[in-house]
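Here is how the chains run, residue by residue.
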Amino acid sequence: MSTTIPAYHPVSAPDYLPRKQMRELQTARLKRMVERAYTVELYRNRMNEKGVTPADIQSIDDISKLPFTMKNDLRDTYPYGLFASPMNEIVRLHASSGTTGKPIVVAYTKEDLDVWDEVVARALVGYGVTEKDIVQVAYGYGLFTGGLGLHGGASRLGCTVVPISGGNTERQIMLMRDFNVTCCGCTPSYFVHIIDKALQMGVNMRDLPIKFGAFGAEPWSEEVRAYIEEQAGIKAFNIYGLSEICGPGVGAECCFQDGMHIFEDHFYPEIIDPATGEVLPDGTEGELVLSTLSKDAMPMLRYRTRDITTIDVEPCKCGRTIRRIRPIRRRSDDMLIIRGVNVFPSQIETGILRVDGASPHFQIVLETGADGLDRIEVKVEATPDALDDTVASVEQFKKSIAQSISQIIGLSVKITLVQPYTIARSEGKMNRVVDNRKK
Ligand code: ADP
Ligand code: ZN
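Cut-off values and rules
Residues numbered from 1 in each chain as written. Chains lettered and ligands numbered in written order. Predicted model: local features only at pLDDT ≥ 70, side-chain atom pairs only at ≥ 80, totals over all residues. Heavy atoms only, no water. Core = buried A, V, L, I, M, F, W, Y, C linked by side-chain atoms within 4.5 Å. Buried < 20%, exposed > 50% of the residue type's maximum accessible area, 1.4 Å probe, protein only. Helix = DSSP H or I, 4+ residues; strand = E, 2+ residues; numbered from the N terminus. Contact = heavy atoms within 4.5 Å. Salt bridge = Lys/Arg side-chain N within 4 Å of Asp/Glu carboxyl O. Donors = N, O, S within 2.8 Å, 3.2 Å for Na, K, Ca; no water. Tetrahedral: all angles 85-135°; square planar, octahedral: opposite > 155°, others 65-115°. 1 Å grid on protein atoms, 1.4 Å probe; cavity = no way out; pocket = protein on both sides within 12 Å on 5 of 7 lines; lining within 4 Å. Points joined across faces, edges and corners; volume = space filled by probe spheres on them. Nonpolar A, V, L, I, M, F, W, Y, C, P; charged D, E, K, R; others polar. Axes fitted to C-alpha atoms, helices over the stretch in contact; angles between N-to-C directions. Parallel < 35°, antiparallel > 145°, perpendicular 65-115°, else oblique. Polar contact = N/O pair within 3.5 Å; in protein donor to acceptor, adjacent residues only side chain to side chain.

Student: Is there a simple way to think about the nonpolar core in this case?
Tutor: Note on soluble globular proteins: their nonpolar side chains tend to be buried together. Of all hydrophobic cores here, the largest spans 73 residues; its most connected members are Tyr 127, Tyr 240 and Val 250. Of all the elements, helix 4 (residues 110-127) adds the most residues to this core, at nine residues. Once residues within four sequence positions are removed from consideration, Tyr 127 is found in contact with Pro 6, Phe 212, Gly 213, Ala 214, Phe 237, Asn 238, Ile 239, Ala 252 and Glu 253. Core analysis: the next-biggest nonpolar cluster, separate from the first, contains 29 residues, Ala 138, Ile 194, Ile 195 and Tyr 227 among them.

Written out as structure tokens, the structure is:
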């Protein structure tokens, strides 16, 4: 499919600001943000401990003088302790999906919701979505930011929105077909499930008018992208975000699918060494730290995302001047330490999908062997077309997957093929790891 640069849309104007102007805007907004944050006890105490006052922040580069904020700070101030607006100005609360522990609460003023809608609209414009598109929002609605986030952005752009939320996959496919949906947003793992279900129902997704996917909320590999694009005949775009900053729309790919542009006029990115907290130069891999530049209800100063990526300063072919981050394949807290080796589920996914005919449905099971060492078993669903019925071909298939994974992670793994559709599907974020190791 050839890549055409989507038409410029007024909502996306800040994406093209000359760098100097962007930095001036960032400086002005950061100064205001710090003043606001200083009214919040936690930030004021932290800044006082570091000997920094709002007057010390005179340029965007001074951001490194500010203290970090961590997920625990949101837990410790649960529920309303980080709000910088009075409750009568707060018009929305969300809470994180809690995949990593107790929920955390985030707040929005009316202006904050406007910014959120704007950045998601800019994400969609970058894909090439226009007001003529029909957008099926299959992210969960509710406290999770995915559903309402995409909904707001698509509405802002003037698209026709189908707010179906997650789940009831057969109905998703029926409406996708009957409503002539052209864009679908959900987690990539859920879209893989939709593809499978469509096949079972005898629907060829490639025959449907759908052409864009807005996929995010969890790491996914290039191999899954290729699988989705091939099976569904669409372009699969990445969208990134986290509740603490606003939800989806912190960054997104453009039509070139080469890293995610960060909407830098609202969210300032830095990369740090996760061990020392030292700021690393652009182009170096490390932990992404984000500061909000316009969030009134709940400013976030230097929030440590634990997502591992690199900031790319190379100009993008699309002409946007806002910087990009490389796709996030791992977060520091989904790292598995197996026999002392750091392994990420996304590496296993890549290994599996490099083998022809392998299915993207898998589960990682960790056990402690009789010798006290960790054992990795990867359960992979068999696909009908990958196998003929001979034992030799099954063994060969398993061996290819095992070798492909070992080449990436450097550890040997046991592959078990399971019947199609036996690995639990998720309508939202997928949890792929069962850790039965003796602690
Ligand atoms: P929780 O922390 O409970 O999972 P969130 O819904 O706020 O709650 O999740 C945000 C996290 O989801 C991000 O910090 C990141 O780890 C992950 N994430 C979101 N979008 C993407 C994406 N496009 N690629 C990889 N990871 C993503
Ligand atoms: Zn671009």
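Student: In this structure, what is going on with the pattern of salt bridges? I would like to understand it.
Tutor: Side chains bearing opposite charge may pair, as long as their charged atoms lie close to each other. Enumeration over the complete set of coordinates arrives at 34 salt bridges. Salt-bridge contacts for Asp 258 lead to Arg 326; the nearest nitrogen and oxygen are separated by 3.0 Å. Taken together, the residues Asp 258 in the loop between strand 8 (247-253) and strand 9 (260-262) and Arg 326 in the loop between strand 13 (324-325) and strand 14 (330-331) connect sequence positions 68 residues apart. With relative accessibility at 31%, the residue Asp 258 sits in the partly exposed group. Across the salt bridge formed by Asp 374 and Arg 437, the nearest N and O atoms sit 3.1 Å from each other. Pair noted here: Asp 374 is in strand 18 (residues 374-381) and Arg 437 is in the segment after strand 20 (433-435), with a separation of 63 residues, a long-range link. For the residue pair Asp 374 and Arg 437, the accessibility class agrees, reading buried in each case. Salt bridges here are not isolated pairs; linked through shared partners, they connect Asp 15, Glu 118, Arg 122, Asp 265 and Arg 320.

Student: Please clarify how the coordination of the zinc ion (ligand 2) should be interpreted in this entry.
Tutor: Ideal coordination angles are 109.5 degrees for a metal with four donors arranged tetrahedrally and 90 or 180 degrees for a metal with six donors arranged octahedrally. The protein atoms that coordinate the zinc ion (ligand 2) are Cys 254 (SG), His 261 (NE2), Cys 316 (SG) and Cys 318 (SG), at distances of 2.1 to 2.3 Å. Seen from the zinc ion (ligand 2), its four donor atoms lie at angles of 105 to 115°, and the figure they make is tetrahedral. Donor residues binding the zinc ion (ligand 2) come from one chain and are separated in sequence as C-x6-H-x54-C-x1-C. Note on accessibility: Cys 316 and Cys 318 belong to one class, buried.

Student: When you look at empty space enclosed by the protein in this model, what are you seeing that I'm missing?
Tutor: To find the voids left in a structure, one rolls a probe of water-molecule size over its atoms. By the definition in use, this model includes two cavities of 30 Å³ or more. Counted as a void, the largest cavity has a volume near 60 Å³. Considering the residues around the largest cavity, the lining is formed by Asp 112, Val 115, Trp 116, Ile 245, Cys 246, His 266, Phe 267, Thr 292, Ser 294 and Lys 295. Broken down by element, the lining of the largest cavity gets its largest block of residues, three residues, from helix 4. Taken together, the residues of the lining of the largest cavity sort by class into five nonpolar, three polar and two charged. The computed volume of the second largest cavity comes to approximately 30 Å³. What lines the second largest cavity is simply Asp 15, Arg 122, Ala 123, Gly 126, Ala 252, Glu 253, Cys 254, His 261, Phe 263 and Arg 320. Mapped by element, the contributors of at least two residues to the lining of the second largest cavity are helix 4 and strand 8. Across the lining of the second largest cavity, the residue classes tally to four nonpolar, two polar and four charged.

Student: Just to check I follow, could you spell out the packing of helix 6 (residues 169-178) against helix 7 (residues 188-200) for this structure?
Tutor: Helices that pack against each other are described as a pair by the angle of their axes relative to one another and the distance between those axes. Between helix 6 and helix 7, the shortest axis-to-axis distance is 9 Å and the interhelical angle comes to 80°. In terms of orientation, helix 6 and helix 7 fall into the roughly perpendicular class. Listed contacts from helix 7 to Thr 169, Glu 170, Gln 172, Ile 173 and Met 176 of helix 6 are Tyr 190, Phe 191, His 193, Ile 194, Lys 197 and Ala 198. Grouping the constituent residues of the contact of helix 6 with helix 7 by class yields six nonpolar, three polar and two charged.

Student: Quick question: what am I supposed to make of the side chain of His 94 here?
Tutor: Looking at the secondary structure, you find His 94 in strand 1 (residues 90-95). For His 94, a relative accessible area of 1% translates into the label buried. Within polar-contact distance, the side chain of His 94 engages the side chain of Arg 92 at 3.0 Å. Residues within four places of His 94 in sequence aside, it is in contact with Ile 104, Val 105, Val 106, Tyr 108, Trp 116, Gly 142, Leu 143, Phe 144, Thr 145 and Leu 148.

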